[in-house]
Amino acid sequence: MVGSPPPADRILRFEDGSYFQFPALRWSVAHFRELMPTVNISRGLQPAAPLPRALRDDIDHLEFKRLDTGETMRWRDSLAANYTDGIVVLHRGRVVYEHYAGALQPDGQHAAMSVTKSFIGTLASMLVAEGKLDPDRTVASYVSELAASAFGSATVRQLMDMTTGIRFSEDYADPKAEVWAHAAAGNPLPKPKDFSGPRSYYEFMQTVQAQGQHGEAFGYRTANTDALGWVIARVSGQSVAQLLSSRIWSRLGAEQDAYMSVDSTGTPFAGGGLNTGLRDLARFGEMVRNNGFFNGQQIVPAAAIADIRKGGKRSDFAKAGYTLLPGWSYRNMWWITHNDHAAFAARGVHGQALYIDPEAEMVIARYGSHPVAGNAANDPTSLPAFEALAGYLMKIPR
């Protein structure tokens, strides 16, 4: 997309889906605001919170073993293998590593994809900690419009932990999967004259049907987060974008505004529409690592962070069949490793990650544009790299 205008064979468009095809994806993930309607998430007018720098030149040579082949790989080589667009590593609150590639620049913004879900889960956890949201109440008791849908009889807790029994396939390789119907409903472009499906996220959620029983197993389904976003908006009187700005982003000392994509009615895409600067994603991670305290203030109640970190039922998670994530669980839209360091993460398709290791006092914020959507494509060279770096940084004296 370079030129005025770019050559015809290099033009990307939202309307025909060309923007989301690889390798075009490498450019578009850092330019979504130019392609689709969005709503701003203001950082406010305060100065940015400083991120002290203590860059290290030895991390690139750190070695680890891949999960899939057992072969040794260097940290620097893993970045190219994962199509990393940018990565920032904080250790004890200081930037020890920062790298950019693809189309992302330090002053640019990048799609967080499903890392968005963890922001929404954090907002819900805050409302629960403050007594404004009861996780044991049904979704329908907060949003009556969802009473006839599969969501209506689920509890808010089941939404937050994705243990609802709903018919919703997240298989991006299946063109008939419900995830594509969900995306079509959220598409802000005018629908064809013969289009008879839902025309917004709210309309789509009212059509979701039951499959299985609530509370029996973890099932990763984006529609859960959009339903939770609706509950949050109803309880708080603000959209999730407005609440994220007022409760977190404007207090975090972010360098840049963030933004979220919206549907034709202006509803933010709670399941994956957030775009942020990379360093600001790291700031958010550092705030979470410090139990909600950052920039001289308690931004998120410590009780909310504690509830995230304790994790969910591992037996429920195991039923989902994530062979690369043994022993993990899911709680409040966060992925909990239950490893020796009590690490936990926010994860998004195509390589987005926010990895927090409390024991190592480490935060890794990474944006990427991997050609394969599912994290199973990059986990073999990401998860062992993160764990190796944690172990390495722990050896550094204070």
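One structure accompanies this document, and this report is about it. Keep in mind it's a predicted model, so treat the numbers as computed, not measured. In this numbering scheme, every chain counts its residues from 1 along its sequence in written order. Per-residue local features of the predicted model are confined to residues with pLDDT of at least 70, and side-chain atom pairs are confined, for both listing and counting, to 80 or more; whole-chain, interface and lining totals are unaffected and use all residues. Only hydrogens and water are removed before side-chain values are computed, so all heavy atoms of the structure are retained for them.

### Describing the packing of helix α3 (residues 115-129) against helix α11 (residues 302-309)
Worth spelling out the cut-off: Geometry is summarised by axes, namely lines fitted to C-alpha atoms with helices restricted to the contacting stretch, and by angles between N-to-C directions that run from 0 to 180 degrees. By definition, any uninterrupted DSSP run of H or I lasting at least four residues is a helix, any uninterrupted run of E lasting at least two residues is a strand, and each is numbered from the N terminus. What sets the label is the angle itself: under 35 degrees gives roughly parallel, over 145 gives roughly antiparallel, 65 to 115 gives roughly perpendicular, and the rest give oblique. In this scheme the handedness of a crossing depends on how the near helix is turned from the far one: anticlockwise by less than a right angle means left-handed, clockwise means right-handed. Residues are treated as being in contact if the distance between any of their heavy atoms lies within 4.5 Å. Polarity classes work like this: nonpolar for Ala, Val, Leu, Ile, Met, Phe, Trp, Tyr, Cys and Pro, charged for Asp, Glu, Lys and Arg, and polar for all others, with Gly in that last group.
The N-to-C vectors of α3 and α11 enclose an angle of 120 degrees; their axes lie 8 Å apart at closest approach. Viewed along their axes, α3 and α11 adopt a mutual orientation that is oblique. Here the hand of the crossing between α3 and α11 comes out right-handed. In this structure, α3 contributes T122, S125, M126 and A129 to the contact, and α11 contributes A303, A304 and I308. Residue composition of the contact of α3 with α11, grouped by class: five nonpolar, two polar and no charged.

### Considering the pairing of strand β4 (residues 84-91)
Rules: Throughout, exposure labels follow a simple rule: accessible area from a 1.4 Å probe, protein chains only, divided by the maximum for the residue type, with under 20% read as buried, over 50% as exposed, and the rest as partly exposed. At least two bridges found by DSSP between two strands is the condition for calling them paired.
Where burial is concerned, most of β4 is hidden: eight out of the eight residues are buried. In the sheet, β4 pairs with strand β15 (residues 362-368) via seven bridges, with the strands oriented antiparallel. Its bridge partner being in β15, I87 is matched across the sheet by R366. One ladder, built from six bridges, connects β4 with strand β5 (residues 94-100); its direction is antiparallel. Counterpart to H91 in the pairing with β5 is R94.

### Some details on the side chain of S28
Mapping S28 onto the fold places it in helix α1 (residues 25-28). Judged by relative accessible area, S28 falls into the buried class, the value being 0%. With residues near it in sequence (within four places) discarded, S28 still touches Y19 and L35.

### Let's talk about the packing of aromatic side chains
Worth spelling out the cut-off: When the centres of two rings from Phe, Tyr and Trp lie within 6.5 Å, Trp using its six-membered ring, the rings pair. Their planes under 30 degrees apart give stacked, over 60 give edge-to-face, and anything left gives tilted. Cation placement over rings: the criterion is NZ of Lys or CZ of Arg within 6 Å of the ring centroid and within 35° of the ring normal.
All chains considered together, the criterion is met by 24 aromatic pairs. A centroid spacing of 3.9 Å and a plane angle of 20 degrees characterise the contact between F119 and F284, whose relative ring orientation is stacked. Residue F119 is found in helix α3, and its partner F284 is found in helix α10 (residues 278-289); the two are separated by 165 residues along the sequence. The exposure class of F119 is buried, given its relative accessible area of 1%. Consider the rings of F218 and W335, whose centres lie 5.9 Å apart with planes at 80 degrees: the pair is edge-to-face. Residue F218 is found in the loop between α7 (201-205) and α8 (222-236), and its partner W335 is found in strand β12 (residues 334-336); the two are separated by 117 residues along the sequence. Taken individually, F218 and W335 each receive the classification buried, so the pair is uniform in this respect. Grouping aromatic residues by their ring pairs yields a cluster made of F218, Y220, F317, Y322, Y330 and W335. Above the ring of F195, the side-chain terminus of K191 is found at 5.8 Å from the ring centroid.

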